[in-house]
Structure formats: C-alpha cells, structure tokens
Amino acid sequence: MTEQGNTSGAGEPARGGAEPAADALAEYRSRRDFTHTAEPAGGRVGTAGERLIFCIQKHAASRLHYDFRLELGGALKSWAVPKGPSLDPHDKRLAVMVEDHPLEYASFEGTIPAGEYGAGTVLLWDAGWWEPDAAWQAAGANRGVRLHTETAAPALDAAAAIDRGELKFILHGKKLTGSWALVRMKGRGPQNWLLLKHADAAALPGSDIESDAPDSVATGRSLDQIAATKSDA
Ligand code: MN
C-alpha cells in the first residue's frame, strides 16, 4: 500500500536491473485504477523461480498489438510489438519499449474495461522461460557484452545488455523457441527497438506464426471467446 500519488520524476528510465520492483512499477501503477481493472497491481518482489519467465500477450486495444515481456530484476521488461514476433529471420519487427509490468501480469488474460488504460481484450499468446544467449551475444561482432552462462547471475548481465541496446536471448515457449534478439534502433529514441529471430533450427522462413497459431496458450481461447466471457469482475 505504498501509494505515493505524485508524479514528480515521471518518465525516469531507471532500468539498472537491480532496482526493487516497487520502483520499477510506479509508472505501471500510476496508469491504472485497480478498483476497475482486473489486471494485477503487483506485489511480488524478486524472482520466485530460478528461471526467468517470459510471456507474450495479444492485446486487442485501440490497435491490435503483441506485448512482449521478459522477466528481469523482479519485473517484466515490456515491449509493444505491433505486428508480433516472426519466425522468419528476415523480418525485423518494431518493438516499442513500454513501462515495466509486475511479474503477476504474465498470467493475465481477460478484458480491460472500457475507459481504463489499455482497454480491450488480452490473450496469453505465448509463455515460458528465457535465458540470455551467451553464444550469440559473444558472436555479435565482439561488442563487449559478455554473458557468463556458468555464473548464477545472468539477469545482471542481461540488464547490462539492455542498457547497451542489444539483448540476445533464447526463448523456451510453446510457440516461440530458439535464439532471438532485441536491438535498439540507432537515432530513433530510447523506446524504439527491433525484435528479430536468429537463423537457427527454430527459424521458419516465410511463416506467419500469428495466423498459424492465433489462440491462447493458457486456455485455447480466441480473442472473441475471451471478449465474450464477462466473468472477471
Ligand atoms: Mn498492450
């Protein structure tokens, strides 16, 4: 219940990776009225499991997009991807970094009421766990981002990689697997990144995963079916 109402220092990036989730979630909380939306306020601090979770939510807001979220530093680093991820390594998908979300958000599926921030239907499109891809990171033109797979602190190294604007990682999801990268676009502001698939065994050139696998990995429901469920009050 530490709700500081004022918004001084709004827009502070604060993503060192080691910040407590309470601070990382200030922007998230300030945008939402939790008496009206079923989205989680987020109370969990730190990582519950040894594996870092990830999820992708298909969000039919004013414009359909996919919210790509990676657990890091006790919160979910989040990017809005208008077209969604692609298994085709030739596709570079715009990914706009947005505010950190609470870890509990990774299991959220339902409808955000009209009038609330992000109003619309949310479908859990993919979920699983992720890890930094040390091999791809090291191979990437020796940019000096070093990840140590055998150490116990991959999260700290991933935070540094995000700060540098280039994170290479392996997804262990139901729809998405293999090696991926998030790369900040140069000269386009801090929020604009590209999400792309590395050319590995999990790549599928010419595929359209959004069309091939449109439904929820949690419940098998479509957006329409979720929207028709009025349950979550
Ligand atoms: Mn969204």
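Residues numbered from 1 in each chain as written. Predicted model: local features only at pLDDT ≥ 70, side-chain atom pairs only at ≥ 80, totals over all residues.

(A) Highlighting the overall build of the chain. Each helix and strand in the chain was counted, giving six helices and nine strands. Here the chain, with 233 residues, has 35% of them falling under the buried criterion. Within the chain, contacts between residues separated by at least 24 positions form 63% of all contacts whose residues are at least 6 apart in sequence. (Helix = DSSP H or I, 4+ residues; strand = E, 2+ residues; numbered from the N terminus. Buried ≥ 20, exposed ≤ 12 C-beta atoms within 10 Å, placed from the backbone. Contact = placed C-beta atoms within 7 Å.)

(B) Quick look at the confidence of the model for the chain. In the predicted model, the chain carries a mean pLDDT of 84, and 78% of its residues have values of at least 70. In the model, residues 1–20 has pLDDT below 50 throughout and makes 21 contacts with residues more than four positions away in sequence or in other chains. Contacts from residues 141–153, a stretch scored under 50 in pLDDT, to residues over four places away or in other chains number 13 contacts. (pLDDT = per-residue confidence, 0-100.)

(C) Expanded view of the environment of D33. If you trace the backbone, D33 turns up in the loop between α2 (26–30) and β1 (52–60). Take D33: there are 12 C-beta atoms within 10 Å of it, and that puts it in the exposed class. In the structure, D33 is positioned 84 residues away from Y117 in sequence and 8.5 Å away in space, judged by C-alpha atoms.

(D) Structural context of the pairing of β1. Summarising burial for β1: seven of the nine residues are buried, a large majority. In the sheet, β1 pairs with strand β6 (residues 120–132) via nine bridges, with the strands oriented antiparallel. Counted as the bridge partner of H59 is V122 from β6. Bridge count for β1 against strand β2 (residues 64–72) is seven bridges, and the pairing is antiparallel. Bridging across to β2, Q57 finds its partner in D67. Turn length for the β1-β2 hairpin, with the two strands adjacent in sequence and antiparallel, is three residues. (Pairing = 2+ DSSP bridges.)

(E) Structural view of the nonpolar core. Residues F68, W79, A95, L167, L182 and L195 are the most contacted members of the largest nonpolar core, which totals 42 residues. The leading source of residues in this core is β6, at six residues. In this structure, W79 is in contact with F68, A95, V96, M97, V98, L182, W193 and L195, ignoring residues within four places of it in sequence. (Core = buried A, V, L, I, M, F, W, Y, C linked by C-beta atoms within 7 Å.)

(F) Region of interest: the pairing of strand β7 (residues 166–173). Relative to β7, β6 is paired through five bridges, and the arrangement is antiparallel. Residue pairing in the sheet places G128 in a bridge with G173 of β7. Connecting the antiparallel pair β7 and strand β8 (residues 177–184) is a turn made up of three residues.

(G) Seen up close, the environment of Y117. Structurally, Y117 is set in the loop between β5 (110–112) and β6. Linking Y117 and A61, residues 56 residues apart in sequence, is a C-alpha distance of 9.3 Å. In contact with Y117, other than residues within four places in its own chain, are R31 and R32.

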